[in-house]
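Below, each chain spelled out in residue letters.
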Amino acid sequence: MMYTVVNSRAYEAENIQTGMQTWQMIGIGIDVILLLALLMLEVLTVRKYKKRDLLKM
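Overview of the structure. The shown structure was predicted, so the numbers you read here are calculated from the model rather than taken from an experiment.

## Structural notes on the overall build of the protein
Secondary structure summary: the protein contains two helices and zero strands in total. Counting every position in the protein, which comprises 57 residues, the buried fraction comes to 0%. If you sum the accessible surface of the protein, you get close to 5,900 Å²; carbon and sulfur atoms cover 67% of it.

Below you can see the structure in the form of structure tokens.
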């Protein structure tokens, strides 16, 4: 097993990446966009109900 690892490109400098992978960054970006969209919808909903309550009074 050690022979396979040593002779592979696992220890080559260009194969060692210390940062996040691309799919992880895309996933985080999508999560942030969805969070902002949900917050915007919540603000709009609260404004709508407050406006409706003010009209009833």
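We are not done yet, so read on.
## Looking at a nonpolar patch on the surface
Side chains of Met20, Met25, Ile28, Val32, Leu35, Leu36 and Leu39 sit close together on the surface and give an oily, nonpolar patch of about 660 Å² of accessible area. Residue position: Met25 is located in helix H2 (residues 22–56).

Here is what the cut-offs are and how they apply
Positions within a chain are numbered from 1, following the residues in the order the chain's sequence is written. The model is predicted, so local features are restricted to residues of pLDDT at least 70 and side-chain atom pairs to those at 80 or more, both for listing and for counting; the totals for chains, interfaces and linings are taken over all residues. Here the side-chain values reflect all heavy atoms present in the structure, with hydrogen atoms and water set aside. Where helices and strands are cited, they refer to DSSP runs of H or I of at least four residues and of E of at least two residues respectively, numbered from the N terminus. Three labels apply to residues, based on accessible area from a 1.4 Å probe with only protein chains included: buried if under 20% of the type maximum, exposed if over 50%, partly exposed otherwise in between. Working definition of accessibility: Shrake-Rupley area with a 1.4 Å probe, residue cover restricted to the visible protein chains. Patch construction takes residues with relative accessible area above 30% that form no salt bridge. Like charges are linked within 9 Å, and nonpolar side chains (Val, Leu, Ile, Met, Phe, Trp, Tyr) are linked within 5 Å. The term salt bridge refers to a side-chain nitrogen of Lys or Arg lying within 4 Å of a carboxyl oxygen of Asp or Glu.

None of this, on its own, says anything about what the molecule does.
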